[in-house]
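Commentary on secondary and tertiary structure
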Amino acid sequence: MDNEELQKLWSILEEKHTPPDIGDEQMISFTDFMKIRDLISEKCRSFFTAKVFAKLLRDDPYGRVSIAQLFSYIMRKVWLQQTRIGLSLFDIQGLGYLKESDLENYILELIPTLPQLNCLEESFYSFYVCTAVRKFFFFLDPMRTGKIKIQDILACGFLDDLLELRDEDLSKDAQETNWFSAPSALRVYGQYLSLDTDHNGMLSKEELLRYGTGTLTRAFVDRIFQECLTYDGEVDYKTYLDFVLAMENRKEQQALQYLFRLVDLHGQGYLDTFTLNYFFRAIQEQMKLHGHEPVKFEDIKDEIFDMVKPANPLKITLQDLTNRCDTIQQRC
């Protein structure tokens with residue numbers, strides 16, 4: 001369905017709606033809903049079924065549905081279909097998934113169609129594409145297979161955020177919270193450049209230690225360089241993006257997996273007292289440097305175990321942390 005067909009459909013819905021309205025919201029009964037089938041194109045008719053009507057039915061006393069909600073539902077389905085076709089064009093092998101380079105090409109071609117990205121210089125496009133693609137792969141490919149199912153891309157909601165940039169009147173607040181916006185991409189890349197003090201395009205341990213407010217411990221940063229891909233002992237922009245995505249989305253399962261892998265010192269699948277003490281000693285050193293009174297490890301250890309409530313009272317697993325995060329989110 002093209003824009004002309006959608007506009008025609010909206011006009012018909014407004015004309016054939018079923019009074020009375022609920023405030024400013026126009027409604028339509030099932031009888032009038034089915035009559036519209038004879039007035040619309042073959043493409044539209046697939047949306048005018050009893051199943052669709054029942055799906056949108058709420059608590060209207062007359063058993064009607066909102067025409068605005070109906071139209072939004074149709075728009076969403078049309079968008080999904082168009083986007084699936086667009087993504088499938090980059091699925092060169094026709095296997096239903098995209099490799100990193102495929103998704104990079106898709107987003108690169110999408111940039112000129114997004115008015116909110118008009119401010120970007122073409123020289124920044126490659127960095128923008130890298131920043132955008134990294135979010136898809138960090139969250140949808142946690143096992144690092146190098147490919148993502150097109151079905152997962154459509155279902156995750158990230159494309160909604162990306163295509164939100166078509167709105168020329170998108171508010172400043174909305175842009176600041178959207179990873180794919182120009183201000184967000186420029187912020188992340190700008191931070192990377194400011195950390196890269198020797199301007200070689202990579203980050204050393206000493207440079208990454210300055211991240212944020214400079215409170216990362218050397219023990220933690222050492223683990224990043226042990227677990228993540230490095231080039232001559234330094235990390236590149238992609239590795240930095242994974243780190244930033246984990247730090248900025250710590251409640252998400254993929255971020256928990258990433259961070260757990262870093263603090264799981266011996267790769268044993270759990271955190272014990274020895275592991276916690278190893279990282280806490282580094283925190284104590286930081287506290288002393290900043291003139292704070294060091295806290296006793298035993299007090300902190302007991303508090304951590306009480307808070308997480310692990311299945312095994314001597315070990316904390318990733319599943320324990322996941323369960324605890326789920327519990328907290330349910331209470332909020």
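If you're wondering where the values come from, they're calculated on a predicted model, not measured in any experiment.

Our next topic: the packing of aromatic side chains. Scanning all chains against the criterion turns up 24 aromatic pairs. Look at phenylalanine 127 and tyrosine 189: their rings are 4.4 Å apart centre to centre, the planes differ by 35°, and that puts the pair in the tilted class. On the criterion of sequence distance, the pair formed by phenylalanine 127 in helix 7 (residues 125-140) and tyrosine 189 in helix 11 (residues 182-195) is long-range, its members being 62 residues apart. We classify tyrosine 189 as buried; its relative accessible area is 15%. With a centroid separation of 5.7 Å and 80° between ring planes, the pair formed by phenylalanine 136 and phenylalanine 158 is classed as edge-to-face. Here the residue phenylalanine 136 occupies a position in helix 7, and phenylalanine 158 occupies one in helix 9 (residues 158-163), the gap between them amounting to 22 residues. The exposure class of phenylalanine 136 is buried, given its relative accessible area of 0%. Judged by its relative accessible area of 13%, phenylalanine 158 falls in the buried class. Grouped by ring-pair contacts, the aromatic residues Phe124, Phe127, Tyr189, Tyr192, Tyr211, Tyr237, Tyr240 and Phe243 constitute a single cluster. The ring of tyrosine 97 is capped by lysine 147, whose NZ or CZ atom sits 4.4 Å from the centre of that ring.

Once that is clear, we can look at the layout of surface pockets. Where empty space is left becomes clear once a probe the size of a water molecule has been rolled over the atoms. Here the largest pocket defines a volume of roughly 1,100 Å³. Phe220, Leu259, Val263, Ile283 and Ile304 are the residues nearest the centre of the largest pocket, which is lined by 25 residues in total. Counting residues per element, the lining of the largest pocket draws most heavily on helix 16 (residues 273-289), which supplies five residues. For the second largest pocket, the calculated volume is near 380 Å³. Taken together, 19 residues form the lining of the second largest pocket, with Trp79, Gln82, Thr83, Leu163 and Arg166 sitting closest to its centre. The set of elements that each furnish at least two residues to the lining of the second largest pocket consists of helix 1 (3-16), helix 5 (67-88) and helix 6 (100-110). The greatest single-element share of the lining of the second largest pocket, amounting to six residues, is contributed by helix 5. Partitioning the lining of the second largest pocket into residue classes produces 11 nonpolar, five polar and three charged.

Conventions we followed
Residues numbered from 1 in each chain as written. Predicted model: local features only at pLDDT ≥ 70, side-chain atom pairs only at ≥ 80, totals over all residues. Heavy atoms only, no water. Phe/Tyr/Trp six-rings, centres within 6.5 Å; stacked < 30°, edge-to-face > 60°. Helix = DSSP H or I, 4+ residues; strand = E, 2+ residues; numbered from the N terminus. Buried < 20%, exposed > 50% of the residue type's maximum accessible area, 1.4 Å probe, protein only. Lys NZ or Arg CZ within 6 Å of the ring centre and 35° of its normal. 1 Å grid on protein atoms, 1.4 Å probe; cavity = no way out; pocket = protein on both sides within 12 Å on 5 of 7 lines; lining within 4 Å. Points joined across faces, edges and corners; volume = space filled by probe spheres on them. Nonpolar A, V, L, I, M, F, W, Y, C, P; charged D, E, K, R; others polar.

By themselves, these figures tell us nothing about what the structure is for.
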